[in-house]
Amino acid sequence: MEFLGGEFQFEVLAEWWDLIIAYASTRWLPTIGIAAIALVAYLPGGWILRWLRRRVATKTTTDLDDALLRAIRKMFRITVVAWAAWRLADTWIGILGTETAEAGWVPFDKQPSDWIWGIWIGIVFVPVSGLVGHMVRSLGSRADPDSRTALDETVLPMVNRFARLAVVALGILLALTHLGLEIAPLLAGAGVVGLALSLAAKDTLSNLIAGVLLVIDRPFKVGDRIELWSAPRETGSWGDVIDIGLRATKIRNPDNLVIVVPNNEIMQRDIINYTMSGGDIRLRIPFSCTDKGIEIGKHLVLKVAQQVQGVKLDPAPVVIVRSYGPSQVNLELRVWITEARERRRIGDEITEKAILAFTEAGVEIPYPKRDLYIKQDGAAQ
């Protein structure tokens, strides 16, 4: 009989078959026993853990315990498969090595069982990463829905993916370490690449990091009214936050102009939030009068303030003497209002009505005065 250009010997085939039968004859029973033990542990163990998960999940309000038992069930089944593969490798392959002239037969440093457990380490971290991702989502869902921003909807999934990838990467590193592979060169290469990328995108990364910090610190949310730092001239110096992005925050000022401020710039400045502490804020409105009109000026300002809509009567408005100038006495009205967004309107209305009240009552509004002396022929005129 011809086989691939040469004569095929049935005697060689029979000899190989006899060797296979002889090698497997002592290993069939251990193999069946290992498979039976793994099957008994895999199926009933998985059913018990699933039953326990359902019983626990129905008695608690949180789903974290449900996710924990689900992850334990997956890790248990992965471990059973790894144990079976380890025992089968030890039964059928045994300990591998090489022959040397000096020491005879020397076993390898890493055996098939080591590779099996190394792969198990890498795989078992997959359900762990799922558990970590579920915990991140659960923490994000506990936040107040009214305080959730577009940045939250973007960053939280990114944080979730990053956390899961970090757990999987940790598992891979531990697996490589268990297998005796050198990971230092890989880490050094990753560090060099990361450094190059960070230098190339320094501004973008700083804005992204600042965006994440905005989610953590929450100095403002969409709808809050904050003070602007770089508003165009002759426009409003405050605005309402309309969007918080990964790179920048958009703010609409009272002139309906949208100002885009990089997140990194926001995190480096003092943030004045008019609405974060609620609607109630206190206004300080300056007035001036002569030294003869202090008492009546205080009375008129308080009377006007109490008549303006939006002014709180408890605590009651007060007027203090702030300072004494060259030609006037400076008063200051301190008044609480019920809505921070109305501070401009209320301040303007109080000021206007106070001026009209001063005029009707004959309270002199001071202005700079100077006495001029002219000397002529040595005599003062």
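Here the structure is a predicted model, which means the values were calculated and not measured.

Chemist: Got a sec to walk through the environment of Ala84? Specific residues and values, please.
Modeler: Take Ala84: it is sitting in helix H3 (residues 64-92). Its relative accessible area of 12% is what places Ala84 among the buried residues. Counting along the chain gives 46 residues from Ala84 to Ala38, while the straight-line C-alpha distance between them is 6.1 Å. The residues contacting Ala84, other than those within four sequence positions of it, are Ile34 and Ala38.

Chemist: Explain the packing of helix H9 (residues 294-307) against helix H10 (residues 343-361) to me, using residue names and the numbers behind them.
Modeler: Contact geometry of H9 with H10 gives a least axis separation of 9 Å together with a crossing angle of 135°. The angle between the axes of H9 and H10 places the two elements in the oblique class. Pair H9 / H10 crosses with right-handed handedness. Where H9 approaches H10, its residues Ile296, Gly297, Leu300, Val301, Val304 and Ala305 are matched on the opposing element by Ile350, Lys353, Ala354, Ala357, Phe358 and Ala361. Across the contact of H9 with H10, the residue classes tally to 10 nonpolar, 1 polar and 1 charged.

Chemist: Which residues make up the pairing of strand S7 (residues 248-252), and what values do they have?
Modeler: As paired elements, strand S6 (residues 238-244) and S7 share 4 bridges and run antiparallel to each other. In the strand pairing of S7, Val241 is matched with Ile251. What sits between the antiparallel neighbours S6 and S7 is a turn of 3 residues. Two strands pair when backbone bridges link them, and S7 and strand S8 (residues 258-262) are joined in this way by 5 bridges, in the antiparallel orientation. Within S8, the residue paired with Lys250 across the bridge is Val260.

Chemist: With reference to specific residues and values, describe the pattern of salt bridges.
Modeler: When charged atoms on two side chains of opposite charge get close, those side chains can pair. One pass over the structure, following the stated rule, counts 14 salt bridges. For the salt bridge of Asp240 with Arg225, the shortest nitrogen-to-oxygen distance reads 2.8 Å. One end of the pair, Asp240, is in strand S6; the other, Arg225, is in strand S5 (residues 225-227), with 15 residues separating them in the sequence. Arg225 gets classed as buried once you look at its relative accessible area, which sits at 10%. When the shortest N-O distance is used, the salt bridge between Glu349 and Lys353 registers 3.0 Å.

Chemist: Can you break down the sheet that holds S6 residue by residue, with the values?
Modeler: With respect to topology, 4 strands assemble into an open sheet ordered S5-S6-S7-S8, the strand pairing being antiparallel. Pairing within the sheet leaves two strands with one partner each, and these edge strands are S5 and S8. Each adjacent strand pair in this sheet contributes to an overall mean axis angle of 45°, direction not counted. In the sheet, S5 pairs with S6 via 3 bridges, with the strands oriented antiparallel. Bridged to Glu227 within S6 is Trp238.

Chemist: Summarise the packing of aromatic side chains; cite the residues concerned and give the values.
Modeler: Across all of its chains, the model carries 4 aromatic pairs by this definition. Ring centres 5.4 Å apart and planes at 85° place the aromatic pair Trp117 and Trp120 in the edge-to-face group. Of this pair, Trp117 and Trp120 are both found in helix H4 (residues 112-141), 3 residues apart, which corresponds to roughly one turn of the helix. Judged by its relative accessible area of 24%, Trp120 falls in the partly exposed class. Taking the centre distance of 6.4 Å and the plane angle of 50° together, the rings of Phe287 and Phe358 count as tilted. One end of the pair, Phe287, is in strand S9 (residues 281-289); the other, Phe358, is in helix H10, with 71 residues separating them in the sequence.

Chemist: Can you break down the confidence of the model for the protein residue by residue, with the values?
Modeler: Of the residues in the protein, 84% have a pLDDT of 70 or more, and the chain-wide mean is 79. Low pLDDT, under 50, characterises residues 1-6; the predicted model gives this stretch 6 contacts beyond four residues in sequence or across chains.

Chemist: Tell me what's going on with the nonpolar core, and back it up with residues and numbers.
Modeler: Counting residues in each nonpolar core, the largest one holds 27 residues, and the members touching the most others are Leu283, Phe287, Leu331, Leu333, Ile346 and Ile350. Secondary-structure elements contributing two or more residues to this core are S9, H9, strand S11 (329-337) and H10. Those residues within four positions of Ile350 in sequence are excluded, and the remaining contacts are Ile285, Phe287, Val304, Ala305, Val308, Val311, Leu333 and Val335. By size, the runner-up hydrophobic cluster in this structure holds 10 residues, among which are Leu214, Phe220, Leu228 and Ile259.

Chemist: Outline a nonpolar patch on the surface, supporting the account with residue identities and numerical values.
Modeler: On the surface, a cluster of nonpolar side chains totalling about 470 Å² of accessible area is made up of Leu205, Leu208, Ile209, Val212, Leu213 and Ile216. One can find Leu208 in helix H7 (residues 202-217).

Calculation criteria
Residues numbered from 1 in each chain as written. Predicted model: local features only at pLDDT ≥ 70, side-chain atom pairs only at ≥ 80, totals over all residues. Heavy atoms only, no water. Helix = DSSP H or I, 4+ residues; strand = E, 2+ residues; numbered from the N terminus. Buried < 20%, exposed > 50% of the residue type's maximum accessible area, 1.4 Å probe, protein only. Contact = heavy atoms within 4.5 Å. Axes fitted to C-alpha atoms, helices over the stretch in contact; angles between N-to-C directions. Parallel < 35°, antiparallel > 145°, perpendicular 65-115°, else oblique. Left-handed = near helix turned anticlockwise from the far one by under 90°. Nonpolar A, V, L, I, M, F, W, Y, C, P; charged D, E, K, R; others polar. Pairing = 2+ DSSP bridges. Salt bridge = Lys/Arg side-chain N within 4 Å of Asp/Glu carboxyl O. Phe/Tyr/Trp six-rings, centres within 6.5 Å; stacked < 30°, edge-to-face > 60°. pLDDT = per-residue confidence, 0-100. Core = buried A, V, L, I, M, F, W, Y, C linked by side-chain atoms within 4.5 Å. Patch = residues over 30% accessible without salt bridge, like charges linked within 9 Å, V, L, I, M, F, W, Y side chains within 5 Å. Areas by Shrake-Rupley, 256 points an atom, 1.4 Å probe, with all protein chains shown as cover.

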